[in-house]
Amino acid sequence: MTADFHARIRECRAVLAAKPGDSAALVGLFGALDALGESGTPEEAVARSAYGEALRRQGRAVEAEAHHRAALSWLPDFGGNHFNFGLTLQALGRTAEAADAYGEAARLMPRFAAAPCNQGVLLRALGHREAAETALRRAVSLDPTLVPGWLNLGTAVQERGQPEAAAHCYRNALALRPDLAEAHANLGLVVKEAGRLADSLPSFERALALGLPDVGGVLAQLVQQMRHLCRWDGLAERSAQLAALVGGGRTRQVHPWIFLGEGAGPTMELACARGYAEWRARSIAAMPTQPDAGPRGRLRVGYLSADYHEHATAALIAELIERHDRDQVEVIGYSYGPDDGGPMRRRLTAAFDRFVDLTACSHADAAARIRADGVDILVDLKGYTQHARPEIAAHRPAPVQAQWLGYPGTMGAGFIDYVIGDPLVTPFDHQPFYAERIVQLPVCYQPNDRSRPIGPAPSRAACGLPERGTVFCCFNAAYKITPVLFKLWCRLLRDVPDSVLWLLDSHPEASENLRREAARRGVAEGRLIFAPRRPPAEHLARYRLADLFLDTTPVGAHTTASDALWAGLPVLTVTGEGFASRVGTSLLRAAGLPELAARSLADYEASALRLSRDPDGLARLKARLAAERARAPLFDTDRFARALERAYATMWDIRAAGKPPRPFIIPDES
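For clarity, every value in this text was computed on a predicted model and none was experimentally measured.

Definitions and limits used
Residues numbered from 1 in each chain as written. Predicted model: local features only at pLDDT ≥ 70, side-chain atom pairs only at ≥ 80, totals over all residues. Heavy atoms only, no water. Helix = DSSP H or I, 4+ residues; strand = E, 2+ residues; numbered from the N terminus. Buried < 20%, exposed > 50% of the residue type's maximum accessible area, 1.4 Å probe, protein only. Contact = heavy atoms within 4.5 Å. Lys, Arg positive; Asp, Glu negative; His and termini not counted. Charge placed at Lys NZ, Arg CZ, Asp CG, Glu CD. Pairing = 2+ DSSP bridges. Axes fitted to C-alpha atoms, helices over the stretch in contact; angles between N-to-C directions. Salt bridge = Lys/Arg side-chain N within 4 Å of Asp/Glu carboxyl O. Phe/Tyr/Trp six-rings, centres within 6.5 Å; stacked < 30°, edge-to-face > 60°. Lys NZ or Arg CZ within 6 Å of the ring centre and 35° of its normal. Core = buried A, V, L, I, M, F, W, Y, C linked by side-chain atoms within 4.5 Å.

A. How the structure looks around the overall build of the chain. Along its length, the chain carries 28 helices and 14 strands. Taking all 670 residues of the chain together, 56% fall into the buried category. The long-range share in the chain, meaning contacts at least 24 apart out of those at least 6 apart in sequence, stands at 66%. A distance of 2 Å separates the average location of the 78 positive side-chain charges in the chain from that of its 77 negative side-chain charges.

Listed below in structure tokens is the structure:
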């Protein structure tokens, strides 16, 4: 038999000498050498690697891997073999191994720019941002004409908070490839993040015109920036395109937070979130399940967020973290956001039992740290809000994982076990619209901080408001104001003499566009008054000058509504279908004003008109808020903390019993 293999080797080599690259001869040669346990020549090692690459191109990556491994065993110091091996590992979805293979190729071929470029792309996908930037900078220094190098370097430095450097990279890519749609899209994103919203729109439009493999992500960004700027011409058409893409299953890149603004309903929102979750976690393998360590004296709960600074989420949870019962839970804050050095950051750092900064960690390393800390329940406070890193939770670092507070909807992800809501925002008949199991807290899902100060109320004149007349107020972000709702508000202004609409001055163009839209609807521009941003205590004080807060839909006020109620301003909302449009209803119930939750926009408009004509009635509502504030469930942090702790205990009991996550309700034990 050995002689037969040797004969086959001689025969195949003779064929290859006459006809290099003959696939049958190569397969025969490789098979015979493997059978004898012998290595091929260096030239044959290179040929075997090339053969493996040909198999990969045919979609036969598993077969290709075996050939690459053999080629590397024959010729381990040839960089080309490592590079081809990296391509195959990448095709197999083994991102970390592929990055290592490209790194070895870069070491062995120090002038080959493609190796550090590919390595950098995968290091970024793994969350190794600093190492990714280093590799990509090396790639473009070796080959300044390497378009993928500039494109991916831009993304890497953008993620590291360097928008101007990122824009420079994208412009370099476009100088080399003006028709590169992805570079136009990325340039639009970085310009948007720098606050130049209007300047981002041409880049998004150009990217869409050139065409992308998945246009949903860029179309969603274009729609969202049009909303932020209140540019409503053409918005309905763009929104319809977006909904059609999601409904037809033709996109995975539409950001679920943006899609909530479409008001497309829970079924479509779940479809959007599922596709996006699959796309974001596509290269991540969950950590192995750990055996149960036995009964817990107290649960170790990790709160994961980028918002441990002056931010709405921090404002809501600060007192909760302080008031957690340490006999029941140990709480660890995991931060991957900026440290602004402010009082809220210092307060939260002190409030947690431990505070861990994961900002510089890759997704995998962050997950490994959470696993090493022995966290029982990981609570993702971000979901899909700005700067979220769902990839950390996708690694499955904790036995039980929940999402809560930051994102008003389903994450559509298999790696999140529970969504924490309440009977109004997450009724059990909505369970089919959630990938997570619903946990209902009693009364309301949202905590509040009773210690947040309210400054002295300024005069109306100091805020540019008239001394007399109804002040309708909405301090929601401009992107939440829809054309339909604004038309309704303008009718109110026409029907209520001397009334004004007090809005947040979120962007100069948005303010001008709203004034123009008001004039188009027969409302003098001066009846829209815009409030500049102010520090929290000053901002809260301003609510006391208004008569009625008008909520938005389909995305309503969350922290903003709590702020208004805390300051004593009644909120009028309309109950919608999904979580994002039901928060106001939940807050009003918990504050003792459930009658201010309208059932429809027509009911909302009629209620606003009736209340504006009944100043005594508005005064009574304000008096009820003031009287109930000290005992209302919405502002009872201790009551909330105990309910949340019971929810955590129930999650753990279900897991300890070996059962899968299930929906449950926490009874009120006030």
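B. Region of interest: the sheet that holds strand β14 (residues 664–665). Spatially, β3-β2-β1-β4-β5-β6-β7-β14 is the arrangement adopted by the eight strands of the open sheet, whose pairing is parallel. A single partner strand is all that each edge strand has here, and the edge strands are β3 (354–357) and β14. Here strand β4 (residues 377–380) runs beside strand β5 (residues 400–403); their pairing, made up of four bridges, is parallel. Considered in β5, the bridge of Leu-378 is made with Gln-401. Contacting β1 (299–305), β2 (329–335), β4, β5, β6 (418–421), β7 (437–440) and β14, helix α28 (residues 637–656) crosses the sheet at an angle of about 110° to β1.

C. Structural view of helix α24 (residues 559–566). Within α24, seven of the eight residues are buried, which leaves it mostly tucked inside the rest of the structure. Along α24, the residues classified as buried are Thr-559, Ala-561, Ser-562, Asp-563, Ala-564, Leu-565 and Trp-566. Where α24 terminates, the next one or two residues include Gly-568, which has phi positive at roughly 95°.

D. Examining the pattern of salt bridges more closely. One pass over the full model with this rule turns up 49 salt bridges. A salt bridge links Arg-624 to Glu-595; the nearest nitrogen and oxygen atoms lie 2.5 Å apart. Placement of Arg-624 in helix α27 (residues 615–628) and of Glu-595 in the loop between α25 (583–591) and β13 (597–598) is noted, with a sequence separation of 29 residues between them. With its nearest N and O atoms 3.9 Å apart, the salt bridge here joins Arg-599 to Asp-603. Given the relative accessible area of 73%, Arg-599 is considered exposed. Each of the salt bridges in this network shares a partner with another, and the network as a whole consists of Glu-319, Arg-323, Arg-450, Asp-638, Arg-642 and Glu-645.

E. How the structure looks around the packing of aromatic side chains. Inspection of every chain in the model, using the stated rule, returns 23 aromatic pairs. Centroid distance Tyr-384 to Tyr-407: 5.5 Å. Interplanar angle 75°. Geometry classified as edge-to-face. Taken together, the residues span a long stretch of sequence, with Tyr-384 in the loop between β4 and α20 (390–394) and Tyr-407 in the loop between β5 and β6 at a distance of 23 residues. The exposure classification of Tyr-384 matches that of Tyr-407, with both residues buried. Here the guanidinium or amino end of Arg-389 rests over the ring plane of Tyr-336, the centre of that ring lying 5.4 Å away. Looking at Arg-542, its charged tip hangs above the ring of Phe-475, at a distance of 5.6 Å from the centre.

F. Region of the structure containing the nonpolar core. Counting 137 residues, the largest nonpolar core has Tyr-303, Trp-404, Trp-489, Trp-502 and Tyr-648 as its most contacted members. Those residues in contact with Trp-489 that sit more than four places away from it in its chain are Cys-474, Ile-481, Leu-501, Leu-503, Leu-550, Asp-551, Thr-552 and Tyr-604. Grouped together as the second largest cluster of nonpolar side chains are 34 residues, Ile-284, Leu-304, Ile-332 and Ala-394 included.

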